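# Topology and contacts: notes
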Amino acid sequence: MESCSVLIVGGGPAGLTIARWIGKGAVVVHQDAEIGLPVRTSGGSWKRHIDALGIPASLYQVINTLRFATDDEERLFDFERETAVVLDITGTYRYLAAQAESAGAEIRCRQKFVSIDMETASHVISTIEDGDRTYQVKSEVVIDASGYWRAVMSHIDKGVYDRHGIGSEYEYEDLSPRSDIATLLVGGRYTNPGYGWVFPTNKKTVRVGVGHARPDTLLSPKISLEKLIHSDYLQSIDVVTGECVSKHGGVIPNWGPCTQFGRGRIIGVGDSVGQALPTVGEGIRYCIEVGNYVGALLVDCVRSDDNPEAVTANYTKWWNKRYRRSFNASQWLNEKISAYTNDDWNRGLHRLARVKPDDFARMVQADISPSVALRIAIANRDLPGKILQVLLGH
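From a predicted model like this one, the values you see are computed outputs, not experimental measurements. (Residues numbered from 1 in each chain as written. Predicted model: local features only at pLDDT ≥ 70, side-chain atom pairs only at ≥ 80, totals over all residues. Heavy atoms only, no water.)

### Description of helix α11 (residues 357-364)
Quick reminder of the rule: Exposure categories follow from relative accessible area, calculated using a 1.4 Å probe and restricted to protein chains: below 20% of the type maximum is buried, above 50% is exposed, and the middle band is partly exposed. Every helix listed is a DSSP run of H or I at least four residues long, and every strand listed is a run of E at least two residues long, numbered separately from the N terminus.
For α11, the tally of buried residues reaches six of eight residues, placing the bulk of the element in the interior. What α11 keeps buried is the set Asp358, Asp359, Phe360, Ala361, Arg362 and Val364. With its phi angle positive at about 55°, Ala366 sits one or two positions after the end of α11.

Here it is, written out as structure tokens:
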């Protein structure tokens, strides 16, 4: 039987960030053949957050303008301070992996978590599958950073988490005149119910995708994406594509943060406990931030041989204070807009014409200060009462 201080299940941004903090004594088991591939997310985020997390500028494309469009209407938001970015997913994950390995952590690809075999007051014994063989690992703590599939948390939390987004994305050579404008497409022929996106990258490629929410619809995002690609929509917004270089697909939780982030010596982080913003499915920056917070707590815990339940309690309290209310509002909005028709979205776009671009960006981030909420409410006094309550509740 092997042993380590912290066994981390999943080599995504949350798990790799924690591995960097732990360094020697951390073992990451990752089911895929390599870190960062296949790509399972579009990589949209916000520059001020990504810069604060230390991600190099070479790993993202800056988005100065966001087009928000339906079949009939569109609004262009030219950002000033709240600039968006599209991350190089593979490059970002491998950057985090390199940091973890430099700190002394061990990363094992093609390794699948199977089960928790024993959990005691002092350790956890897990079974890992490596090709045709299995082996056991004894660790002081197990981190579930496996994403939507909740490989470890499903053993201790039997709740029903069936609301999720499923997406399909094709990446093309980008021959467009502009590489700093992204598009979000809602309602209408190609994406309703759900949304589509056109995101340029820093690799001279453009990602075109469609996502649908389950269980709201059983529509295939791949079929919807094919309809979008074979229409004249991309041409109408001056997006010129070359050869298709890769195809991606992914699943993201839309159930909101779980009430339980761990138990005993098992701790869940990132998508495994619903820490992806429900409205737009943004998760990477939350994963890295949570990884930093939990990683710092675990360093002290492991060094002093403390009970990791105190880590879970501290981490849960921090998350609830920092994000729970905004995520709850985002969850409510996600469920509401999933039923929007094209006419509903058209009315929404008319209202957004009164909103400043940077205020709109804060709305998308679910990061609304009282002053921003008040400006939006004053400019949109005809908003439904519940939405005003949600805004002002921040």
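More follows now that the structure is in view.
### Brief notes about the pairing of strand β10 (residues 124-130)
Counted only if it meets this: At least two DSSP bridges between two strands are needed for those strands to be called paired.
Burial runs high along β10: five of the seven residues are buried. Of the pairings in the sheet, the one linking strand β9 (residues 112-119) to β10 comprises six bridges and is antiparallel in character. Within β10, the position partnered with Glu119 by the bridge is Val124. The hairpin turn running from β9 into β10, its antiparallel successor, is four residues long. Here β10 pairs with strand β11 (residues 133-144) via seven bridges, running antiparallel. Across the sheet, residue Ile128 finds its bridge partner in β11, namely Tyr135.

### Concerning the sheet that holds strand β5 (residues 65-69)
The pairing of strands in a sheet comes from backbone hydrogen bonds and takes either a parallel or an antiparallel form. This is how it is decided: To obtain each axis, a line is fitted to C-alpha atoms, and for helices this fit is confined to the stretch in contact; angles are then taken between N-to-C directions over 0 to 180 degrees.
Pairing in this open sheet of seven strands is mixed, and the strands run β6-β5-β13-β14-β15-β12-β16 from one edge to the other. The open sheet has two edge strands with one neighbour each: β6 (74-78) and β16 (241-253). Within this sheet the neighbouring strands show an average axis-to-axis angle of 15°, counted without direction. Two strands pair when backbone bridges link them, and β5 and β6 are joined in this way by five bridges, in the antiparallel orientation. For Leu66, the partnering residue across the bridge sits in β6 and is Phe77.

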